[in-house]
Amino acid sequence: TGIAEFTNDAASNLHLVASPNPFTKLTTVSFSIGQSAERIALHIYDASGRLVKEFRPTLDALRPTQVSWDGTDQANRQLSSGVYFVKLQAGGQSTTEKLLLVR
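Sequence order as written defines the numbering, with residues in each chain counted from 1. The predicted origin of the model limits local features to residues at a pLDDT of at least 70 and limits the giving and counting of side-chain atom pairs to 80 or more, whereas totals for whole chains, interfaces and linings rest on all residues. Note: side-chain values were computed over all heavy atoms of the structure, leaving out hydrogens and water.

A. Looking closely at the overall build of the chain. Helix and strand assignments follow DSSP, with helices taken as H or I runs no shorter than four residues and strands as E runs no shorter than two, numbered in order from the N terminus. Within the chain one finds zero helices and seven strands. Along the chain, helices and strands appear, N-terminal first, in the series β-β-β-β-β-β-β. Among the 103 residues that make up the chain, the fraction classed as buried is 39%. Total accessible area computed for the chain in this model is approximately 5,900 Å², and 48% of it derives from carbon and sulfur atoms. A 1.4 Å probe rolled over the protein chains alone gives each residue an accessible area, and that area as a share of the maximum for its type sets the label: buried under 20%, exposed over 50%, partly exposed in between. Only the protein chains shown count as cover for residues, and the accessible areas themselves come from Shrake-Rupley with a 1.4 Å probe.

B. Region of interest: the nonpolar core. Throughout this description, the term nonpolar core refers to a set of buried Ala, Val, Leu, Ile, Met, Phe, Trp, Tyr and Cys residues connected via side-chain atoms within 4.5 Å. Val29, Leu42, Trp69, Tyr84 and Leu88 are the most contacted members of the largest nonpolar core, which totals 21 residues. By residue number, the principal contributor to this core is strand S6 (residues 82-90), which donates four residues. Beyond its immediate sequence surroundings of up to four residues, Trp69 is in contact with Phe23, Lys25, Leu26, Thr27, Ile44, Lys53, Phe55, Leu79, Tyr84 and Leu99. In what follows, residue pairs with any heavy atoms lying within 4.5 Å of each other are defined as contacts.

C. Expanded view of the pairing of strand S3 (residues 40-46). S3 sits mainly inside the fold: seven of its seven residues count as buried. With burial as the criterion, each face of S3 is covered, one bearing Ile40, Leu42, Ile44 and Asp46 and the other bearing Ala41, His43 and Tyr45. One requirement defines pairing of two strands: DSSP has to find at least two bridges between them. Sheet analysis places S3 next to S6, joined by seven bridges and oriented antiparallel. By the bridge assignment for S6, Asp46 is matched with Tyr84.

D. Focus on the pattern of salt bridges. When a carboxyl oxygen of Asp or Glu lies within 4 Å of a side-chain nitrogen of Lys or Arg, that pair is called a salt bridge. On inspection of all chains with the given rule, the structure shows three salt bridges. Here Glu54 and Arg56 are joined by a salt bridge, their closest N and O atoms 2.8 Å apart. Salt-bridge contacts for Asp73 lead to Arg77; the nearest nitrogen and oxygen are separated by 2.9 Å. On the accessibility criterion, Asp73 (7% relative accessible area) is buried.

E. Up close: the sheet that holds S6. Judged by pairing direction, the sheet is antiparallel, and its four strands sit side by side in the order S4-S3-S6-S7 without closing on themselves. Pairing within the sheet leaves two strands with one partner each, and these edge strands are strand S4 (51-55) and strand S7 (93-101). Here the strands of the sheet are splayed against their neighbours by 20 degrees on average, with no regard to which way each runs. Only the stretch in contact is used when a helix axis is fitted, and all axes are lines through C-alpha atoms; the angle between N-to-C directions ranges over 0 to 180 degrees.

Structure follows, in structure tokens:
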């Protein structure tokens, strides 16, 4: 189980960046998909591959979109310091970015 650290390939139209990274209180995840897609999902996983936070963004495919993550899980509990992965899925493609939360 788990998530690959980096799964972006050259043919992908997906762009995903988190800043600041590492972060202590809040990071902004910026992304665009560059194509139309019926379903877009943005998930955050811990290092063991467990889903800790789920975003269901709606966006214009050609415009960059941002969500903020404050280091909490789906129940708004603060997560501990460590490595997390944000995964963007759209139109049968996906890309993953590593995040470092430092408390």
